[in-house]
Amino acid sequence: QLPQAAGKGLPCPGPLGLTVELFFGTLLYSPLTAAWVTHCASPHYHCRSKAEMRHTCRGTINLATANITVEDSCNFIISNGGAQTYHLKASSEVERQRWVTALELAKAKAVKMLAESDDSGDEESVSQTDKTELQTTLRTLSSKVEDLSTCNDLIAKHGTALQRSLSELESLKLPAESNEKIKQVNERATLFRITSNAMINACRDFLLLAQTHSKKWQKSLQYERDQRIRLEETLEQLAKQHNHLERAFRGATVLPANAPGSGGSSKEQCCPAKGDLSDEDDDNEFFDAPEIITMPETMGHKRTGSNISGTSSDISLDEQYKHLPEDTKKEKRTRIPYKPNYSLNLWSIMKNCIGKELSKIPMPVNFNEPLSMLQRLTEDLEYHTLLDRAAKCENSLEQLCYVAAFTVSSYSTTVYRTSKPFNSLLGETFELDRLEETGYRSLCEQVSHHPPAAAHHAESKHGWTLRQEIKITSKFRGKYFSIMPLGTIHCIFPSSGNHYTWKKVTTTVHNIIVGKLWIDQSGEIEIINHKTGDKCNLKFVPYSYFSRDVARKVTGEVMDPSGKVHFILLGTWDEKMDCYKVLPGGGENGAEGRQKAHEAEDTRLLLWKRNPLPKNAENMYYFSELALTLNALESGTAPTDSRLRPDQRLMENGRWDEANAEKQRLEEKQRMSRKKREADAVKATEDGTLYDPYKPLWFERKKDPDTKEIAHVYKGGYWESKEKQDWSMCPDIF
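Residues numbered from 1 in each chain as written. Predicted model: local features only at pLDDT ≥ 70, side-chain atom pairs only at ≥ 80, totals over all residues. Heavy atoms only, no water.

- As recorded by an unreviewed UniProt entry, the protein chain carries the name Oxysterol-binding protein and is attributed to Crocodylus porosus.
- Regarding the protein chain, the relevant UniProt record gives this comment under Sequence similarities (unreviewed entry): "Belongs to the OSBP family." (UniProt positions renumbered as here; feature names shortened; annotations may be inferred.)

Written as structure tokens, this is what we have:
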């Protein structure tokens, strides 16, 4: 009777002795003997007390974003797409189906409630003066209702006088036509008085309702405020403990005071670096980064064995890497200066950033890696050979397998990359010309700054074209970052006309405040061949501490337009992907053959395997071989190329203090350019003239004929300008 009980607050027999409650769009459960299912439209309607719920609840999952999947006849899984996954078991298949149906209905209602609400869950902390403001509002409402009541009395008084005068007019000997008009005016005056009385009554009802619920509002606001204060205090305490442990560790590993080169002291002298380090271009959301970055006195400071292994601790950065003209020859560089070990008080930055978008947080370069977002986007081509092999396939289903493997391979470079790339400036570009070496060339341009959006176009002489426009949205949730790429990726094979599209999954960075940072990918990807109708469904399984399955697992099915599965994909997004051909078998859509596919080792085909990282990659931001070459200077590039960005170059060379100051200068320059464009637009509006808004230099907005989406597409001209070395149209952004 679960579906009937859902939404009524009735007790129902529950699986595994769990308590499951749908409370205001949230799934709560605890180890009680009976299960309850309720769906409350009001946060004040409960089946039991809040104190009991807080005491017994072990965790929550937001139903609006929950994934509900059926595992087998009696088991089903509820996950939030991150680290929380719960496996539930029903006593029978019928009961399991009732659970799933009730949860799906509640999820649909939660999504609807979320869409109708103006509050996205990222609201600011409740102010200390909320109670006073609420009381002031109620007093204002009361006074306004009194004013309305006074007006109503005046209206009634004058209305009565008007009706009396009209009655006197009716008694006079006037033409019949005049009497009709007087009657109409009398009726309208009566209706007006009735309407005004109704308005006053409605206002009184509203005031009464507001007074009735004011205490409930105050209680809810106070509860939310107390919860936030407790969370901040807990996080601050954990951060202080973590900082204390770091200091104790450094104190235990520094050189003795009389050691050679120690300067007679075990403490390094530090100088603070400060500046406006926000990536946000809105003055109202611009903050100064706190003075928390400690820098060594000399660039050749000693390193402890904890951060460099197998290298001399007396080697300075200049000796580690000689900055000769980079990459002017065909040889590609294989190393960059090692990452300095600068300390950072993380809590002093993060405590004011909970709930904000990543681009609106004041970020020093300590959180960055010496690559821009455009260069990071170009790293998707690390395993471009998969597309080369796909172009040679005559069978579209086999081609789809390689495209799926290429999709997964783009995440392999993120497994250890916990640092943030530089936010690209508006108009910034990045080219990667590998036409002679590997047969492809790529171009990226930052086409929008607010919201941040980058357009990418790559083409290969081996018969494929890749293009995408990606908008990055991100949220800081206290313990983790969620990074949600928005936009569609297109892969086109001109020889066959096959056109594939897909979207990226969510990337989550865990343990932001305390613990070791780690990255997880979660969600589903649907790759569609718009010519043939073939599809591939990829599932990135979120990490679960209690799961016995392999970590970072990816599964997939390649099927024809009828839904028949032909290939099974299995692997991990950080290591490899295998392909198994589905053997002919019985069952719906060859279910038995699909189940035996993993056992058929003779049909196994290794689609992709990750390349090993370069030597000492842990000291070079865990860059891959391709990533190490991306920021190397090349001759003939556009003046807007990311390689020429000064703050990024200073950071790569280990001069983080100067990089922070340069980063501040570039962002201020970009803000001034934006203000000038806004002023020009206002002036054009006042003058009644046409205003030409900002347009990207190498990309233009077009509607895709297959997806019907409007996105920035490469319009040509860049490589011709490079050949002529004509960059006169490029803006001065650096």
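**Considering the overall build of the protein chain**
Reasoning step 1: Across its full length, the protein chain carries 15 helices and 28 strands.
Reasoning step 2: Taking all 734 residues of the protein chain together, 44% fall into the buried category. (Helix = DSSP H or I, 4+ residues; strand = E, 2+ residues; numbered from the N terminus. Buried < 20%, exposed > 50% of the residue type's maximum accessible area, 1.4 Å probe, protein only.)

**A look at the sheet that holds strand 6 (residues 67–70)**
Hydrogen bonds between backbone atoms are what pair the strands of a sheet, whose relative direction is either parallel or antiparallel.
Reasoning step 1: Read across the open sheet, the three strands follow the order 6-7-8; overall the sheet is antiparallel. In this open sheet, the two strands that pair with only one neighbour each are strand 6 and strand 8 (85–89). Going across the sheet, the axis of each strand differs from the next one's by a mean of 20°, ignoring polarity.
Reasoning step 2: As paired strands, strand 7 (residues 75–79) and strand 8 are joined by five bridges and run antiparallel to one another. (Pairing = 2+ DSSP bridges. Axes fitted to C-alpha atoms, helices over the stretch in contact; angles between N-to-C directions.)

**Quick word on unusual backbone geometry**
Reasoning step 1: Residue His450 is joined to Pro451 through a cis peptide bond whose omega torsion reads 5°.
Reasoning step 2: Looking at the element boundaries, Pro451 is found in the loop between strand 14 (440–449) and strand 15 (452–460).

**Some words on the environment of Pro696**
Reasoning step 1: Topologically, Pro696 is positioned in the loop between helix 14 (656–687) and strand 27 (699–703).
Reasoning step 2: The buried category is assigned to Pro696, whose relative accessible area is 12%.
Reasoning step 3: Each C-alpha atom of the pair Pro696 and His712 lies 8.9 Å from the other, and the pair is 16 residues apart in sequence.
Reasoning step 4: Once you skip the residues sitting within four places of it in the chain, Pro696 turns out to touch Glu445, Val447, His712 and Lys715. (Contact = heavy atoms within 4.5 Å.)

**Let's talk about the nonpolar core**
Reasoning step 1: Core analysis: the biggest nonpolar cluster contains 66 residues, and Leu466, Phe493, Trp502, Ile527, Leu538, Phe540 and Leu569 have the highest contact counts within it.
Reasoning step 2: Sequence-distant contacts of Leu569, defined by excluding residues within four places in its chain, comprise Cys401, Ala404, Cys536, Leu538, Val554, Thr555, Gly556, Val558, Met577, Asp578, Cys579 and Leu607.
Reasoning step 3: Counting residues in each nonpolar core, the second largest holds 15 residues, with Ile61, Leu88, Trp99 and Val100 among its members. (Core = buried A, V, L, I, M, F, W, Y, C linked by side-chain atoms within 4.5 Å.)

**A few points about the side chain of Ser482**
Reasoning step 1: Tracing the chain through its elements places Ser482 in strand 17 (residues 480–486).
Reasoning step 2: Beyond its immediate chain neighbours, meaning those up to four positions away, Ser482 contacts Thr473, Ser474, Lys475, Thr507 and Thr508.

**Quick notes on the pattern of salt bridges**
Reasoning step 1: In the structure shown here, the tally under the stated rule is 33 salt bridges.
Reasoning step 2: Two residues, Lys722 and Glu431, come together in a salt bridge whose shortest N-O distance is 2.6 Å. With Lys722 in helix 15 (residues 718–724) and Glu431 in strand 13 (residues 429–434), this pair connects stretches of sequence that are 291 residues apart. Take Lys722 and Glu431: they sit in the same class, and that class is buried. (Salt bridge = Lys/Arg side-chain N within 4 Å of Asp/Glu carboxyl O.)

**Here's the deal with the environment of Lys724**
Reasoning step 1: Structurally, Lys724 can be placed in helix 15.
Reasoning step 2: Residue Lys724 is classed as exposed on the basis of its relative accessible area, which comes to 67%.
Reasoning step 3: Between the alpha carbons of Lys724 and Gly636 there is a distance of 9.6 Å; along the sequence they are 88 residues apart.

**Digging into the packing of aromatic side chains**
Reasoning step 1: What the rule picks out here adds up to 12 aromatic pairs.
Reasoning step 2: Residues Tyr383 and Trp608 carry aromatic rings whose centres are separated by 5.6 Å and whose planes lie at 80° to one another, so their mutual orientation is edge-to-face. Highlighted residues: Tyr383 in the loop between helix 8 (373–378) and helix 9 (385–391) and Trp608 in strand 26 (residues 605–609), separated in sequence by 225 residues.
Reasoning step 3: A ring pair is formed by Tyr440 and Trp464, whose centres lie 6.4 Å apart and whose planes are at 35°; its orientation type is tilted. Here Trp464 lies in strand 16 (residues 464–476) and Tyr440 lies in strand 14, a separation of 24 residues in the sequence.
Reasoning step 4: Connected via pairs of aromatic rings, a cluster forms that spans Trp698, Tyr718, Trp719 and Trp727.
Reasoning step 5: Against the face of Tyr411 rests Lys504, its NZ or CZ located 5.4 Å from the ring centre. (Phe/Tyr/Trp six-rings, centres within 6.5 Å; stacked < 30°, edge-to-face > 60°. Lys NZ or Arg CZ within 6 Å of the ring centre and 35° of its normal.)

**Overview of the pairing of strand 11 (residues 368–372)**
Reasoning step 1: Summarising burial for strand 11: five of the five residues are buried, a large majority.
Reasoning step 2: Where strand 11 lies against strand 12 (residues 420–422), two bridges are found, and the strand directions are parallel. When the sheet's bridge partners are listed, Asn368 is paired in strand 12 with Lys420.

**Side note on a nonpolar patch on the surface**
Reasoning step 1: A cluster of nonpolar residues, Tyr416, Leu613 and Tyr622, forms a patch on the protein surface that exposes about 260 Å² of accessible area.
Reasoning step 2: Mapped onto the fold, Tyr622 is located in the loop between strand 26 and helix 12 (625–630). (Patch = residues over 30% accessible without salt bridge, like charges linked within 9 Å, V, L, I, M, F, W, Y side chains within 5 Å. Areas by Shrake-Rupley, 256 points an atom, 1.4 Å probe, with all protein chains shown as cover.)

**Looking at the pairing of strand 13**
Reasoning step 1: Burial runs high along strand 13: five of the six residues are buried.
Reasoning step 2: For strand 13 and strand 14, the ladder comprises six bridges, and the chain directions are antiparallel. Across the sheet, residue Arg434 finds its bridge partner in strand 14, namely Tyr440.
Reasoning step 3: Hairpin remark: strand 13 followed by strand 14, antiparallel, with five residues in the connecting loop; positive phi at Gly439, about 90°.

**Here we look at helix 14**
Reasoning step 1: Taking 1.5 Å per residue, 32 residues should reach 46 Å; helix 14 reaches 47 Å between its end C-alpha atoms and fits that length.
Reasoning step 2: For helix 14, the full list of buried residues reads Trp656, Ala659, Asn660, Glu662, Lys663, Leu666, Glu667, Gln670, Arg671, Arg674 and Ala684.
Reasoning step 3: The first or second residue beyond helix 14 is Gly688, which carries a positive phi of 75°. (Expected span 1.5 Å × (residues − 1).)

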